Each structure stands twice: as structure tokens, then as C-alpha cells.
Amino acid sequence: MDLQQLEYFRTVARIGNMTKAANDLHIAQPSLSVSIAKLEAELGVQLFDRVSGRIRLNQIGQRFYRQTDRIFLAVQDAQQEVADYSSHASKTVHLAVTSSDLCTGLFVSFMADHKDFRIHHFMHTEMNALSLLEEGQVDFVIATTPLYSPLIEWQTLIEERLVVLASQDNPLAKESLIQLERLKQQQFVVTRSAFHPDIEYAGFFREAQFQPEASFTTNEFETMVAMVELDVGIAIVSEETANKLLSNSKRRLTAVRMDMDYKGRTIGVARLKGHYFTRAVQEFFDYTVQYYKTERPSHIEPADKA
């Protein structure tokens, strides 16, 4: 058994057709068939079920495939570690995030002093991000939902608090703490994620036991902000998001805390257990952890409960 055999096996498993897999590998189809047959003979088991011209992994094949993941990740780690201590060390980072508003501040802060880095940033659902991480296609994931897998290490960084975002023309702007009953009487600008069609922060509304009356619904964050500024309605956002918006003095916005101690999104990082981090990836990973754990100045007036 060698790496070439395993690469052939993984390609057939991924494509599910011997002829197409041979074309993808640029080899003759009979040669590929012989390689797969030799691998199965060496292991003493069938790895594929052949049905109506299709070929797919059986249960044993699926288990073997998962083990080959580790082999190829180990090879990748070895290559990265050697390159990392050579004269051609790369300052490239690949990461996935699960929300579009999650990392802008992080990237701006980091790249201001690290313009020699190459950051490749992808937005995915939690499921896709987890798959990319397990396959070694990204170095780590920044997510708003804890990611769990036997292969993954998860580290919670912050639990966001939620606030009410309102126009400066809205009567709520004069309050320092909003009671839940008052909130139920308001019109809302509702955001929906392209990945998650449910209302953003739907968990908050479930816990508060009311459905927001939506005057405007959008998938776009900037549209939501513009509608709130026009006083079309109020919105529920994280304190982090509110602070970013209020730092711009041109925004006609205010943020008010609520009398509910509800935690919003849990932001954290997921990485592959035992996976080698290049020095550049480790630097950016450490910076990310520190960035989210560092308390930043707040533009939100403290709640006066007296």
C-alpha cells in the first residue's frame, strides 16, 4: 500500500464513477481498476459496492476513508512544517467563518500591521465549515455556534450580550433600560441570514415569548441598519455590532440595554486536533483569540436600574 493507491481510492470514493475518476487522475481506467482491486486484496475486504454502473463506499470503505484523512493530513502537516522552517516560509492563512458580520473588525485590526500576510477567508454554514476543517482545507474556523466532532477542539471566546438598536428619533433612544413589555409593543426591522432562514437571534424572541412584529425584513445587514436609522423599526443586535455602528458619529443610531440578561451568539474558534499550525497561522490564531477576549470601549450608555 502506498500514497498513490490511497489517492486513487479517495478519488474514486469522491467521484463515485471509475471512468470519471480515471479521467480526473489522468490515467487509464483499467489501470485504476487494477489499483483498487490490489488495494482491496491487500486489505482482504471489499471497500466499494458496485451497483448499476455506480461505485460507492460500503460501511468498511467509509471507515477506511476516514482513516486515510488522517494519513493525508499527516503528510500535509509534514510538508507545512518543513516549508515553515525553510527560506520560503509562507505567511498564508485559510479560515472559514459562519457569519458575514463576524470578522471585519478583526481583519482590519490585524492587516493594518501585517500587510505581508495572505488571508484567504471563506464564509460557510457550520456543517460545511466543519467538513472543510476536518479535511484540512482551512486552518481554523471562527463560528457563532460551537462545533463538535471527535477530531475538533473548540474554544469559546465570548458570549455576546444583546441590545436594542434604534434611531435617535425613536422615543426608546431616551431610555437607559428597556423593559420587556415595552419591547413587545414595538415594530422591528428583522434580519434573516442567507444560511439560516430563521430570524436572526430567534432564540432571544423564543425566550422572551413573543413574535416580533416586522415592519421590514431583509437579508442584508446594511439595509437593516438603514431602515433602523429611518425609524422604520428597531432591531436586536449584539453589543459588539452596536459598538461598531455607534463608533461612526454620522450614524443616527443609539443602542439601549434590556432588562433581560439573555446571551446572544457564542463566538469561538475550532481547530483540528493535532494539526500543525505554521508560525504565520499560529500568530493569526493567537491574535484572533486575544482580539475577541479583549474588552473594547463601549459607546452604549450604562443601564440605570434605579
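Residues numbered from 1 in each chain as written. Predicted model: local features only at pLDDT ≥ 70, side-chain atom pairs only at ≥ 80, totals over all residues. Heavy atoms only, no water.

**Some words on the layout of surface pockets**
What counts is decided by this rule: Note on definitions: the grid is 1 Å and covers protein atoms alone; a cavity is a set of points where a 1.4 Å probe fits but cannot get out; a pocket is an open set with protein on both sides within 12 Å along at least five of seven lines; lining residues have an atom within 4 Å of a point. Grid points are joined across faces, edges and corners, and a volume is the space filled by probe spheres set on the points. Secondary structure elements follow DSSP: runs of H or I no shorter than four residues count as helices, runs of E no shorter than two count as strands, and numbering proceeds from the N terminus. Any residue that is not Ala, Val, Leu, Ile, Met, Phe, Trp, Tyr, Cys, Pro, Asp, Glu, Lys or Arg is counted as polar, Gly included; the first ten are nonpolar and the last four charged.
Looking at the second largest pocket, its volume works out to about 660 Å³. Surrounding the second largest pocket, 25 residues form its lining, Asp69, Leu73, Glu134, Glu135 and Leu151 being those nearest its centre. Contributing elements (two or more residues each) for the lining of the second largest pocket: helix H4 (59–84) and helix H6 (126–134). Looking at which element gives the most residues to the lining of the second largest pocket, the answer is H4, with 11 residues. When the residues that make up the lining of the second largest pocket are grouped by side-chain class, the tally is 9 nonpolar, 7 polar and 9 charged.

**Quick notes on the packing of helix H2 (residues 18–25) against helix H3 (residues 29–43)**
Our working definition: Lines fitted to C-alpha atoms define the axes here, with helix axes fitted over just the stretch in contact, and angles between the N-to-C directions of these axes take values from 0 to 180 degrees. For classification purposes, angles smaller than 35 degrees are called roughly parallel, those larger than 145 roughly antiparallel, those between 65 and 115 roughly perpendicular, and all remaining angles oblique. Residue contacts follow a heavy-atom distance rule, with two residues in contact if any of their heavy atoms lie within 4.5 Å.
Contact pair H2 / H3: the axes reach a minimum separation of 9 Å and the direction vectors enclose 105°. When the interaxial angle is binned, H2 and H3 end up roughly perpendicular. When H2 is examined against H3, the residues Met18, Thr19, Ala21, Ala22 and Leu25 are found in contact with a partner set consisting of Gln29, Leu32, Ser33 and Ile36. Looking at side-chain class alone, the contact of H2 with H3 contains 6 nonpolar, 3 polar and no charged residues.

**Looking at the confidence of the model for the protein**
Interpretation of this model should avoid reading the predicted coordinates in detail wherever pLDDT is low. Test applied: pLDDT measures the predictor's confidence residue by residue and takes values from 0 up to 100.
Across the protein, pLDDT averages 86, with 95% of residues at or above 70. Mean pLDDT in the protein bottoms out at H4, which sits at 77, and peaks at strand E5 (residues 140–143), which reaches 95.

**Concerning the packing of aromatic side chains**
Geometrically, a pair of aromatic rings is defined through the distance of the ring centres and the angle of the planes. Heads up, the rule is: Each Phe, Tyr or Trp ring, with Trp reduced to its six-membered ring, pairs with another whose centre is within 6.5 Å; inter-plane angles below 30 degrees give stacked pairs, above 60 give edge-to-face pairs, and intermediate values give tilted ones. Burial classes: relative accessible area under 20% of the type maximum marks a residue as buried, over 50% as exposed, and values in between as partly exposed (1.4 Å probe, protein chains only). We call a charge positioned over a ring when the NZ of a Lys or the CZ of an Arg lies within 6 Å of the ring centre and within 35 degrees of the ring normal.
Taken as a whole and judged by the stated rule, the model has 16 aromatic pairs. Centroid distance Phe205 to Phe210: 5.4 Å. Interplanar angle 85°. Geometry classified as edge-to-face. Neither Phe205 nor Phe210 differs from the other in exposure class; each is buried. Among the aromatic residues, those joined into a cluster by ring pairs are Phe107, Phe110, Phe117, Phe140, Phe277, Phe284, Phe285 and Tyr287. Against the face of Tyr65 rests Arg10, its NZ or CZ located 4.6 Å from the ring centre. Cation over ring: Arg271 sits above Phe285, and NZ or CZ is 5.1 Å from the ring centre.

**Details of the nonpolar core**
The condition is simple: Side-chain atoms within 4.5 Å are what join buried Ala, Val, Leu, Ile, Met, Phe, Trp, Tyr and Cys residues into a set we call a nonpolar core.
Counting residues in hydrophobic clusters, the biggest one holds 23 residues, and the most contacted among them are Leu95, Cys103, Leu106, Phe140, Ile142, Phe284 and Tyr292. Sorting the residues of this core by element identifies strand E3 (92–97), helix H5 (104–111), E5, strand E6 (152–167), strand E12 (263–272) and helix H11 (279–293) as the ones contributing at least two each. With 7 residues, H11 is the largest single contributor of residues to this core. Those residues in contact with Ile142 that lie beyond four places of it in its chain are Leu95, Ala96, Val97, Thr98, Leu102, Cys103, Leu106, Ile267, Gly268, Val269, Thr288 and Tyr292.

**A word on H2**
To keep things clear, this is the line we draw: Think of it as the arc spanned by the lines of direction from the helix axis to the C-beta atoms.
Among the residues making up H2, those that are buried are Met18, Ala21, Ala22 and Leu25. Viewed along the axis of H2, the buried residues span an arc of 100°, placing them on a single side of the element. Among the exposed residues of H2, those pointing more than 90 degrees away from its buried face are Lys20 and Asn23. In this fold, the buried residues of H2 make contact with helix H1 (3–15), H3 and strand E2 (54–57). Looking one or two residues past H2, His26 carries a phi angle of roughly 60°, positive in sign.

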